[in-house]
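# Structural description and commentary
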Amino acid sequence: MCFLRRCEDYFTGAFDPPPGIHSVGEHVQLEIAIYLEKVQNNNVRKLQRLIFNCLLKRETCITGCNNMADIDLVELGSYKELQGGNIALPSGYSSILDPIHNKLPPDCIKMNSQVTKIKWPSGIDNGTDSEDSDKTVIEVGGEDVTNETVYVYCNDKIYEADSIICTLPLGILKSNDIFCPKLPKYKEKSIGRLLYGVVDKIFLYYDRPFLSQDTDEILLLWENDEIGDWTEKIYSFSKVNDTLLLGWLSGNEAEIMEKLDDKIIGDKCTEVLRRFLNDPCIPYPSKCICTRWKANEFSLGSYTAIGVGSSQLDIEHIARPMYVNNNKIPIITFAGEHTHPNFYSTVHGAYLSGRAAAEMLIVCKREDEPLNTTVSDLSSWVQGLPLA
């Protein structure tokens, strides 16, 4: 949407936002109202309003929120878009992990072992008064407190480490029951301020094609509060291939959908398709498969967004490494999409943050010059992925 481009300019300070407008949703609605005032024909104005509403629903799925009114206006521009568009992974995300995993020694990765607690050395938290610092120093005080080991508790075993890289999703960090003791207060505040939205996909499989060859996507232009059902948050069904359709939805409606049986979801989507295509003969799908990221106990949501009242600084606070007793090597380093200041919500953001965290530990141990982890690293990474 062209209106979003204007919102992005506020982050650079090129323009000041309108007085009293704090969210992307408020700003876009203001722009839409100004635009539609110039449209004379009532029917055209109504149609354009419905198209704008559809595009806003699409944007909630891209951004990862319930409503664009949840997203901070100034901070929208902190997100950076990579050139080249999205990359399809026919074999799933294992395509990303396998090239890395194959280079590691056997048995160095422990799988199917749920982490239930991370115990790190307690002491005096100096991080609350050092939010402008690039690291948090925890002073371990008392003669009896000399153990600087991190203990990772799993269902079947306790692992000891001098240092760990924590890639737990933001949704798990928000649950606030993994770390013992709790993380420094400034980290907890930043974790609480950032949004961790719910975005889900609905895949509809069919035994035979029923859409025309020239139809790639069915946009759903819902009237406001038309039937008051969760399906109204679905903005379109796109054709993945002739016998597979994909629908997206986000926020509260996605959470409602996640609690339903796949068969019920498939039936509801068929009702929607029959209504919008005005065709009672649209077949029911032979199979319906849905993602359920909110219900996933290892994620509790989809990806990060900067909500009203939060900022890029909150991401930087979460990413800041934690040190004990002024040691050169951090005891806990953080990585994941929620720790990248520009590529949050993306796979490449997660990859770059994890690589940067690992390289930082290597540099600390070698006392060498810092390694430069940049977007250019993605080129060599992507070249090793099976994309066909």
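Up top is the structure.
What comes next is a walk through the structure.

What counts, and at which threshold
- Residues numbered from 1 in each chain as written.
- Predicted model: local features only at pLDDT ≥ 70, side-chain atom pairs only at ≥ 80, totals over all residues.
- Heavy atoms only, no water.
- Helix = DSSP H or I, 4+ residues; strand = E, 2+ residues; numbered from the N terminus.
- Buried < 20%, exposed > 50% of the residue type's maximum accessible area, 1.4 Å probe, protein only.
- Contact = heavy atoms within 4.5 Å.
- Areas by Shrake-Rupley, 256 points an atom, 1.4 Å probe, with all protein chains shown as cover.
- 1 Å grid on protein atoms, 1.4 Å probe; cavity = no way out; pocket = protein on both sides within 12 Å on 5 of 7 lines; lining within 4 Å.
- Points joined across faces, edges and corners; volume = space filled by probe spheres on them.
- Nonpolar A, V, L, I, M, F, W, Y, C, P; charged D, E, K, R; others polar.
- Pairing = 2+ DSSP bridges.
- Salt bridge = Lys/Arg side-chain N within 4 Å of Asp/Glu carboxyl O.
- Axes fitted to C-alpha atoms, helices over the stretch in contact; angles between N-to-C directions.
- Parallel < 35°, antiparallel > 145°, perpendicular 65-115°, else oblique.
- Left-handed = near helix turned anticlockwise from the far one by under 90°.
- Core = buried A, V, L, I, M, F, W, Y, C linked by side-chain atoms within 4.5 Å.
- Disulfide = S-S within 2.5 Å.

## Some remarks on the overall build of the protein chain
On a plain count of helices and strands, the protein chain comes out with 11 helices and 16 strands. Relative to its 388 residues, the protein chain shows a buried fraction of 41%. Considering only residue pairs separated by 6 or more positions, the protein chain has 71% of its internal contacts joining residues 24 or more positions apart. Accessible surface, the protein chain as shown: approximately 21100 Å² in total, 51% of it carbon and sulfur.

## Some details on empty space enclosed by the protein
Applying the stated criterion across every chain yields a total of 2 cavities of 30 Å³ or more. Taken as a whole, the largest cavity holds about 90 Å³ of empty space. Together, Leu168, Ile172, Leu173, Asn176, Asp177, Ile178, Phe179, Lys182, Leu183, Glu188 and Ile191 line the largest cavity. Only helix H5 (170-175) and helix H6 (185-193) provide two or more residues apiece to the lining of the largest cavity. A breakdown of the residues in the lining of the largest cavity according to their chemical character gives 7 nonpolar, 1 polar and 3 charged. Computed from the structure, the second largest cavity encloses a volume of approximately 40 Å³. Every residue lining the second largest cavity is listed: Tyr206, Phe210, Leu211, Lys239, Asn241, Asp242, Thr243, Leu244 and Leu245.

## Remarks on the pairing of strand E4 (residues 150-154)
Only one face of E4 is covered, namely the face carrying Val150, Val152 and Cys154; the face carrying Tyr151 and Tyr153 is uncovered. Across 4 bridges, the pairing between strand E1 (residues 115-119) and E4 is antiparallel. In the strand pairing of E4, Lys117 is matched with Tyr153. Pairing between E4 and strand E5 (residues 158-161): 4 bridges, direction antiparallel. What sits directly across from Val150, in E5, is Ala161. The loop that links E4 with its antiparallel partner E5 comprises 3 residues.

## With respect to the pattern of salt bridges
Under the definition given, this model contains 9 salt bridges. Measuring nitrogen to oxygen at the nearest pair gives 3.6 Å for the salt bridge that ties Asp156 to Lys110. Highlighted residues: Asp156 in the loop between E4 and E5 and Lys110 in the loop between helix H4 (94-101) and E1, separated in sequence by 46 residues. Of the charged contacts in the structure, one is a salt bridge between Lys268 and Asp229, with a shortest N-O distance of 3.3 Å. Linking Lys268 in helix H8 (residues 262-277) with Asp229 in the loop between strand E10 (217-219) and strand E11 (236-241), this pair joins segments that are 39 residues apart in sequence.

## A look at the sheet that holds E10
Strand order in the open sheet formed by 5 strands is E10-E11-E12-E9-E13, with antiparallel pairing between adjacent strands. Either end of the sheet is taken by a strand with one partner, and the two such strands are E10 and strand E13 (287-290). Ignoring which end each strand starts from, the neighbouring axes of this sheet average 20 degrees apart. Sheet analysis places E11 next to strand E12 (residues 244-250), joined by 4 bridges and oriented antiparallel. Across the sheet, the residue bridging to Ser238 is Leu246, located in E12. Contacts from helix H3 (residues 42-63) reach strand E9 (199-205), E10 and E12, with the element oriented near 85 degrees to E12. H8 contacts E9, E10, E11, E12 and E13 of the sheet and is inclined by roughly 105 degrees relative to E13.

## Considering the environment of Ile202
Following the sequence through the fold, Ile202 ends up in strand E9. Its relative accessible area of 0% is what places Ile202 among the buried residues. Put simply, Ile202 and Phe237 are 35 residues apart on the chain and 9.0 Å apart in space, counted from C-alpha to C-alpha. Residues contacting Ile202, with those up to four places away along its chain left out, are Trp230, Ile234, Leu245, Leu246, Gly247, Leu249, Met257, Ile265, Cys269, Cys288, Ile289 and Cys290.

## Here's the deal with the packing of helix H2 (residues 24-37) against H3
Closest axis-to-axis distance for the H2/H3 pair is 11 Å, and the angle between their directions is 160 degrees. With respect to each other, H2 and H3 are oriented roughly antiparallel. In this structure, the crossing between H2 and H3 has a hand that is right-handed. Contacts from Val28, Gln29, Ile32, Tyr35 and Leu36 of H2 reach H3 at Arg45, Gln48, Arg49, Phe52 and Leu56. Residue classes in the contact of H2 with H3 are distributed as 6 nonpolar, 2 polar and 2 charged.

## A closer look at the nonpolar core
Core analysis: the biggest nonpolar cluster contains 27 residues, and Ile118, Ile164, Leu168, Phe179, Met322, Ile332 and Phe334 have the highest contact counts within it. Apart from the residues lying within four places of it in its own chain, the contact partners of Ile332 are Trp120, Ile164, Cys166, Phe179, Pro321 and Met322. Tyr206, Ile234, Leu245 and Ile265 belong to the second largest nonpolar core, which has 22 residues in total.

## Points about the state of the cysteines
Tallied over the entire structure, the rule returns 0 disulfides. No disulfide involves Cys61; its nearest neighbouring cysteine sulfur is the one of Cys65, lying 8.6 Å away. For Cys61, a relative accessible area of 3% puts it in the buried group.

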